[in-house]
Amino acid sequence: MKKLFSIFVSMLLATGTGVSAKVSMIDTYNINRAIEENDKGNKDGALEFFNKEVAENPKNGYAYYGIASIEYEKGHYDLAIEALANAERFIPKKDKEHLAMVYIVKGETILATGDTVGAVSDFSKSISLDPKSPAAFERRAELYFQSGNFDMADADYNRILKLNPASEMGYMGLGRNALRRGDTDKAIEFFNRAAKIYPEYSSAFAFRGEAYFEKKDYVKAINDVCRALEINQDEKAYNLLFNFPKPQTDLVVAKLKGLSVKHPESSFYWYAIGNVLGNQRRFRESADAFLKCYEIEPNEVLPRHLALSYHNLGRYDEALRYINIAIQHDEEDADLIMMKADIIGESGDYPGAIAEYDRYIEQRPDCHDGYYRRGWFNDVAFNTDAAINDYKMALTLDPDYAYAHLGLASMYVRKCEKEKALKE
């Protein structure tokens, strides 16, 4: 959805219809200054001028709408709803266009608080006031889709297309509904029309790729997914990369490599390749991909991936090198400390691993896994009593943690305390 304040600015400029008093209520010094401050990115300054307008003219509903828009963006939903009530009260009743926008913003605001039913009601009120605007239809249709009410969603998307036959959103909505019903051929037909209207609309390709995936037409699915990634690194398309069957991995990687050649300045495709290969446990190749990504664009995320790849390969020196680089970027990241402890321990340095788990437990004293892992390294280092204490603490935090019960039982066997071992 658009930023609500941007919608509000557009609304203020649309002064050609409605009540004659509308222009004078919108075109005030304070409201103009609020818009100027917003254009500069100064939301607090814009809010200050809207509040000044309300102080000088307590019945200017448009100023209340401006306040609501900003408070919504700040996450102050109670304040936004309060301001919207005044906007609804004071905007002239004949100004249906702007009152319809008030209900859209009100619907979005209460939706953010979890009130889906109320949001549908407000979008419906907006539609009744301005049935020629697609905005409320789009929002209501989305809620119908999310609730599984595909027939009602279809009705709204068809209304959108009646208002604007070239609406890619209308066809996308119909396509998603068909896909969820399992009618992949109909879904592809709708996605085709959306992509034809808006060839740079990544979602059309991502959803069409999902439809082809459901049909097991993996070549077309991979082509669409990669097209969506090329447009704007589409999140849905990225997630679909990991759903393809193992025999399709080489084709996925080949297509991504082709995009990396086409866009040599982008590290994204090598990052995707690394994760796809890592997901298939092809760690040597994933490490090579992450290294190429790191060469193009070093960042704080890649050392973590490189450490994980080398760790899985048993190349502990290289894994330790990259986990240390990752920790330099964020010394308080407990997950990185745990990774380092496991790398050190699995290389055979049990005292070093135990020391790292001491650090981990300092940061997460309520996490059973830290005690279990430290207990395991104490176990293999034959620090039996220390292992027992750690396993017990893990069970105190999670009494159903089966591995800790097994570890504790094995320690009692080691100490020849068979009755205690049997209890575990």
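Above this text sits the structure in question.
(A) Seen up close, the overall build of the chain. A count of helical and extended segments in the chain gives 26 helices and 0 strands. Over its C-alpha atoms the chain spans a radius of gyration of 29 Å, topping by over 25% the 22 Å that the globule rule assigns to 424 residues. Projected onto its principal axes, the C-alpha positions of the chain cover 90 × 50 × 45 Å. Residues counted as buried form 50% of the 424 residues belonging to the chain. For the chain, the accessible surface area stands at approximately 20900 Å², while carbon and sulfur atoms represent 50% of it.

(B) Structural context of helix α3 (residues 29-39). Listing the buried residues of α3 in full gives N30, I31, A34, I35, E37 and N38. Projection of α3 onto a plane perpendicular to its axis shows the buried side chains occupying an angular sector of 160°, all on one side. The exposed residues of α3 that point more than 90 degrees off its buried face are Y29 and D39. Among the residues trailing α3, G41 stands out with phi positive, at a value near 85°.

(C) Quick look at the packing of aromatic side chains. Under the definition given, this model contains 23 aromatic pairs. Look at Y310 and Y322: their rings are 6.0 Å apart centre to centre, the planes differ by 20°, and that puts the pair in the stacked class. One end of the pair, Y310, is in helix α19 (residues 302-313); the other, Y322, is in helix α20 (residues 316-329), and 12 residues separate them in sequence. Each member of the pair, Y310 as well as Y322, carries the same accessibility label: buried.

(D) How the structure looks around the packing of α3 against helix α4 (residues 43-56). Put simply, α3 and α4 touch, their axes get as near as 7 Å, and they point 170° apart. In this view, α3 runs roughly antiparallel relative to α4, as classed from their interaxial angle. Of α4, the residues touching α3 (which contributes Y29, N30, I31, R33, A34, E37 and N38) are K43, G45, A46, F49, F50, K52, E53 and E56. Taken together, the residues of the contact of α3 with α4 sort by class into 6 nonpolar, 3 polar and 6 charged.

(E) The nonpolar core, seen in detail. Counting residues in each nonpolar core, the largest one holds 103 residues, and the members touching the most others are L229, L241, F244, L256 and I323. In terms of residue count, the dominant contributor to this core is helix α14 (residues 218-232) (8 residues). Not counting chain neighbours up to four residues away, the residues in contact with F244 comprise F213, Y218, A221, I222, V225, V252 and Q280. Listed in part, the 24 residues of the second largest apolar core include A341, Y371, Y391 and L408.

(F) How the structure looks around the packing of helix α21 (residues 334-346) against helix α22 (residues 350-363). One way to put it is that α21 packs onto α22 with a least axis distance of 8 Å and a crossing angle of 165°. When the interaxial angle is binned, α21 and α22 end up roughly antiparallel. As for how α21 packs across α22, the hand of that crossing is left-handed. Where α21 approaches α22, its residues A334, I337, M338, K340, A341, D342, I344 and G345 are matched on the opposing element by Y350, G352, A353, E356, Y357, R359, Y360 and Q363. When the residues that make up the contact of α21 with α22 are grouped by side-chain class, the tally is 9 nonpolar, 3 polar and 4 charged.

(G) View of the side chain of Q248. Relative to the helices and strands, Q248 resides in the loop between α15 (235-240) and α16 (249-262). Overall, the relative accessible area of 19% leaves Q248 in the buried class. Apart from residues lying up to four places away in sequence, Q248 is in contact with Y218 and I222.

Conventions we followed
Once a new chain begins, its residue numbering starts again from 1 and follows that chain's sequence as written. For a predicted model such as this one, the threshold for reporting local features is a pLDDT of at least 70, and the threshold for listing and counting side-chain atom pairs is 80 or more; totals across whole chains, interfaces and linings nevertheless cover every residue. Side-chain numbers come from the whole structure's heavy atoms, not from hydrogens or water. Numbering of helices and strands starts at the N terminus; helices are DSSP runs of H or I of at least 4 residues and strands are runs of E of at least 2. We compute the radius of gyration over the C-alpha atoms and compare it with the globule rule, which gives 2.2 Å times the number of residues raised to the power 0.38. Relative accessibility thresholds used throughout: buried, under 20% of the residue-type maximum; exposed, over 50%; partly exposed, between the two (1.4 Å probe, protein chains only). In these tables, accessible area is a Shrake-Rupley quantity obtained with a 1.4 Å probe, and a residue counts as shielded only by the protein chains included in the view. Note that the arc is computed from the directions linking the helix axis to the C-beta atoms. Any pair of Phe, Tyr and Trp rings, taking the six-membered ring for Trp, is counted once the centres come within 6.5 Å. Such a pair is stacked with planes under 30 degrees apart, edge-to-face with planes over 60 apart, and tilted for the rest. For helices, the axis comes from a line fit to the C-alpha atoms of the stretch in contact; other axes are also lines fit to C-alpha atoms, and the angle between any two N-to-C directions lies between 0 and 180 degrees. With respect to orientation, any angle under 35 degrees is reported as roughly parallel, any angle over 145 as roughly antiparallel, any angle of 65 to 115 as roughly perpendicular, and every other angle as oblique. Contacts were defined at the residue level, with two residues in contact if any of their heavy atoms lie within 4.5 Å. Charged residues are taken to be Asp, Glu, Lys and Arg, nonpolar residues to be Ala, Val, Leu, Ile, Met, Phe, Trp, Tyr, Cys and Pro, and polar residues to be all remaining types, Gly included. Only buried Ala, Val, Leu, Ile, Met, Phe, Trp, Tyr and Cys residues count toward a nonpolar core, and they belong to the same one when joined by side-chain atoms within 4.5 Å. Here a crossing is taken to be left-handed if its near helix is turned anticlockwise relative to the far helix by less than a right angle, and right-handed if that turn runs clockwise.

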